[in-house]
Amino acid sequence: QVQLVESGGGLVQPGGSLRLSCAASGRIFGLYSMGWHRQAPGKQRELVARMNSGGATNYADSVKGRFTISRDNAKNTVSLQMNNLNPEDTAVYYCAYCSGFPCNTPDRYTSWGQGTQVSVSS
């Protein structure tokens with residue numbers, strides 16, 4: 001069974017940057033889509049960035065141009081570089097994988113980690 005562990009969250013000021021990492025127990029990144037999701041209090045879980053098995057990426061409009069998803073297949077990790085953060089980015093961030101099709105909504109993903117808290121505040 002695949003297990004995913006997120007790390008790298010923290011507290012940053014508006015305009016700052018963070019890099020989140022997701023480590024997988026199994027080598028899945030070349031087989032399945034990987035996604036970064038976030039959930040803020042009172043809001044629906046949002047798929048913010050995804051990468052399919054071929055390396056194609058897609059971003060939510062709310063983060064496009066600021067966030068970048070990447071992977072290292074050899075190390076079995078996927079990262080999310082977050083730049084120009086604003087308070088609306090405050091949420092718990094999760095990584096998960098999608099083995100089916102399509103992979104454009106959070107409900108298509110599985111093996112959620114415990115999440116890592118990202119807080120953006122002055």
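Up top is the structure.
Parameters and conventions
- Here the residue numbering is sequential within each chain, running from 1 through the sequence in written order.
- Local features in a predicted model are, by the rule used here, given only for residues with pLDDT of at least 70; side-chain atom pairs are given and counted only at 80 or more, and totals for whole chains, interfaces and linings are based on all residues.
- With hydrogens and water set aside, each side-chain value is computed from the structure's full complement of heavy atoms.
- Every helix listed is a DSSP run of H or I at least four residues long, and every strand listed is a run of E at least two residues long, numbered separately from the N terminus.
- A simple rule labels every residue: compare its accessible area, found with a 1.4 Å probe on the protein chains alone, to the largest value its type can have, and call it buried under 20%, exposed over 50%, or partly exposed in between.
- We call two residues in contact when some of their heavy atoms are within 4.5 Å.
- A side-chain nitrogen of Lys or Arg and a carboxyl oxygen of Asp or Glu constitute a salt bridge if their distance falls within 4 Å.
- Any two strands with at least two DSSP-identified bridges between them are counted as paired.

Peer 1: Quick rundown of the environment of Y97? Include the residues and the values.
Peer 2: Relative to the helices and strands, Y97 is located in strand 9 (residues 91-98). Residue classification places Y97 among the buried residues on the basis of a relative accessible area of 13%. Between the C-alpha atoms of Y97 and T110, which are 13 residues apart in sequence, the distance is 5.6 Å. Setting aside anything within four residues of it in sequence, one finds Y97 in contact with V2, L4, I28, Y32, S33, M34, R108, Y109, T110 and S111.

Peer 1: I'd like to hear about unusual backbone geometry, residue by residue, with values.
Peer 2: Look at the link from F101 to P102: it is a cis peptide, with omega at -5 degrees. Within the secondary structure, P102 sits in the loop between strand 9 and strand 10 (116-120). Positive phi, normally seen in glycine, also occurs at N76, with a value near 60 degrees. Residue placement: N76 occurs in the loop between strand 7 (67-72) and strand 8 (77-82). Of the residues examined, N76 reaches a relative accessible area of 6% and is grouped as buried.

Peer 1: Break down the pattern of salt bridges for me, citing the residues and quoting the values.
Peer 2: In the structure shown here, the tally under the stated rule is 3 salt bridges. The salt bridge partner of E46 is R38, with a shortest N-O separation of 3.0 Å. Overall, R38 belongs to the buried group, its relative accessible area being 7%. With its nearest N and O atoms 2.7 Å apart, the salt bridge here joins R66 to D89. Taken as a pair, R66 in the loop between strand 6 (57-59) and strand 7 and D89 in the loop between strand 8 and strand 9 lie far apart in primary sequence, 23 residues in all. Both residues of the pair, R66 and D89, belong to the buried class.

Peer 1: Give a detailed account of the pairing of strand 9, specifying residues and quantitative values.
Peer 2: Of all 8 residues that make up strand 9, 7 are buried, and the element is covered over most of its length. The sheet contact formed by strand 4 (residues 33-39) and strand 9 spans 7 bridges and is antiparallel. Bridging from a neighbouring strand, R38 pairs with Y93 of strand 9. In this sheet, strand 10 lies alongside strand 9 in antiparallel orientation, the contact comprising 3 bridges. Looking at strand 10, one finds that A91 is bridged to V118.

Peer 1: Outline the pairing of strand 3 (residues 18-24), supporting the account with residue identities and numerical values.
Peer 2: Side chains L18, L20, C22 and A24 of strand 3 all project onto a buried face; the interleaved residues R19, S21 and A23 project onto a face where none is buried. Sheet analysis places strand 1 (residues 4-7) next to strand 3, joined by 4 bridges and oriented antiparallel. Of the residues in strand 3, the one forming a bridge with E6 is C22. The pairing of strand 3 with strand 8 spans 6 bridges and is antiparallel. Counterpart to A23 in the pairing with strand 8 is T77.

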